[in-house]
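# Reading the structure
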Amino acid sequence: MALLSRRLLLLSMAATAALPALAQGIAPRPADLTVKTSTGRAVPVSVWKALGPEKGRILFSHGALSAPWKYQPLVDAWTKAGYSVHAPLHVDSTDHPDRDKFQGMASWSARIEDVRALADHLGGDYIAAGHSYGGLVALCLGGSAIAVPPEVKTPLRDLRAKAVLAFSPPGAGMGFINPGDYAPLAVPALIQTGDKDVPPGPGGDWRSHLLPYEEAAPGGYRYALVLDGVDHYFGGGICRPELPGPVQADQLAIATDLSVLFMQAHAGGDKAALQALTGRLSETGPARLTVK
């Protein structure tokens, strides 16, 4: 338990370095929905409805210290494509009023409680998506077995999560990830990073974000997307809109376009989308897309 706490601290420290700047971000968005965890804690949820007929629902988990409304380019692309987005405000967000009450491992446990409560509210199949710390949450819903405090019920997998979108999830040495933790991933997944997405600290390597792809068993439609010139925040396009930029808008458009094709193909059974996604496979930039 002590080791797990230290590892979570490492993951949090990377985001905490940006805390003053994050506090200057865009104004909070009022919750559209409130769900209750098994312990009775209220979880505010932002909801964006699909434009036109709904093709699916996305449960989105934001990055550490951030908030759902700081991912508007993703939300806009997904709702335009026919997906409704449901995103809880986690307790580690700088916009959460009770943030000081959830230090250390408490934020990890609370995140699991948040998504379980929201998934129960949705009551059916969904796509698990997330960025950074939230990408870790999404991968757990898809079957990855990350260590949790003893009071958290396992397994973490939710059979209603039919596919995973993980933008820049943490890799080994970036928190509390042990070798093999991502291996049980049981659903199709798209794992994204960029060649400027270097974790803070000595020896940081952007390739570490691809650990879920590397550890997952082949044959289950697991994709890795590496975008040239892209950092952890797409230059402030997601998670940290207060960054000076420039926003890596072209690369972000590629990521959202491929994420939509992925969802259509692997959560919607769209054969044309699968063919289009397959046609985008490439081992060279600006968008290196591979599958196993």
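Model, not experiment: these values are computed from the prediction.

### Observations regarding the overall build of the protein chain
Looking only at helices and strands, the protein chain features 8 helices and 9 strands. The C-alpha atoms of the protein chain give a radius of gyration of 17 Å, which matches the 19 Å a tight globule of 292 residues would have. Overall, the C-alpha framework of the protein chain stretches about 50 × 45 × 35 Å when taken along its three principal axes. Taking all 292 residues of the protein chain together, the buried fraction comes to 54%. The contacts in the protein chain between residues at least 6 apart in sequence include a share of 73% that link residues at least 24 apart. The average position of the 26 basic charges and that of the 26 acidic charges among the side chains of the protein chain differ by 4 Å.

### Points about the sheet that holds strand 7 (residues 189-194)
Taken in spatial order, the 9 strands of this open sheet run 1-2-4-3-5-6-7-8-9, and their pairing is mixed. With partners counted over all chains shown, the strands left at the sheet margins are strand 1 (33-36) and strand 9 (287-291), one partner each. Along the sheet, successive strands turn relative to each other by an average axial angle of 20°, direction set aside. As paired strands, strand 3 (residues 56-61) and strand 4 (residues 83-88) are joined by 4 bridges and run parallel to one another. Bridge assignment links Gly56 to a residue of strand 4, and that residue is Tyr83.

### Quick notes on a nonpolar patch on the surface
Taken together, the side chains of Tyr221, Leu281 and Val291 make up a nonpolar region of the molecular surface, amounting to roughly 230 Å² of accessible area. Taking the relative accessible area as the measure of exposure, Tyr221 reaches 41% and is therefore partly exposed.

### As for the pairing of strand 6 (residues 161-167)
Counting buried positions along strand 6 yields 6 of 7 residues, so the element is predominantly enclosed. As paired strands, strand 5 (residues 126-131) and strand 6 are joined by 6 bridges and run parallel to one another. When the sheet's bridge partners are listed, Tyr126 is paired in strand 6 with Ala161. For the segment spanning strand 5, helix 5 (residues 133-141) and strand 6, crossover handedness is right-handed.

### Overview of the nonpolar core
Within the largest apolar cluster, 45 residues are counted, with the highest numbers of intra-cluster contacts made by Trp108, Tyr126, Leu136, Ile146 and Val164. Among the elements of the structure, strand 2 (42-48), helix 4 (105-122), strand 5, helix 5, strand 6, strand 7, helix 6 (211-215) and strand 8 (222-227) are those that each provide at least two residues to this core. Counting residues per element, this core draws most heavily on helix 4, at 8 residues. Among all residues touching Val164, those that are not within four sequence positions of it are Ala128, Ala138, Leu139, Gly142, Val187, Pro188, Ala189, Leu190 and Phe262.

### A closer look at the pattern of salt bridges
All chains considered together, the criterion is met by 13 salt bridges. Where Lys101 meets Asp98, a salt bridge forms, and the shortest distance between an N and an O atom there is 3.6 Å. Classification of Asp98 by relative accessible area gives partly exposed; the value is 29%. Residue Arg288 pairs with Asp228 through a salt bridge whose shortest N-O separation is 2.8 Å. Here Asp228 lies in the loop between strand 8 and helix 7 (249-266) and Arg288 lies in strand 9, a separation of 60 residues in the sequence. Its relative accessible area of 23% is what places Arg288 among the partly exposed residues. One network of salt bridges, with partners in common, ties together Arg41, Glu113 and Asp114.

The rules behind these values
Residues numbered from 1 in each chain as written. Predicted model: local features only at pLDDT ≥ 70, side-chain atom pairs only at ≥ 80, totals over all residues. Heavy atoms only, no water. Helix = DSSP H or I, 4+ residues; strand = E, 2+ residues; numbered from the N terminus. Rg over C-alpha atoms; globule rule 2.2 N^0.38 Å. Buried < 20%, exposed > 50% of the residue type's maximum accessible area, 1.4 Å probe, protein only. Contact = heavy atoms within 4.5 Å. Lys, Arg positive; Asp, Glu negative; His and termini not counted. Charge placed at Lys NZ, Arg CZ, Asp CG, Glu CD. Pairing = 2+ DSSP bridges. Axes fitted to C-alpha atoms, helices over the stretch in contact; angles between N-to-C directions. Patch = residues over 30% accessible without salt bridge, like charges linked within 9 Å, V, L, I, M, F, W, Y side chains within 5 Å. Areas by Shrake-Rupley, 256 points an atom, 1.4 Å probe, with all protein chains shown as cover. Salt bridge = Lys/Arg side-chain N within 4 Å of Asp/Glu carboxyl O. Right-handed = clockwise from strand over helix to strand, strands pointing away. Core = buried A, V, L, I, M, F, W, Y, C linked by side-chain atoms within 4.5 Å.

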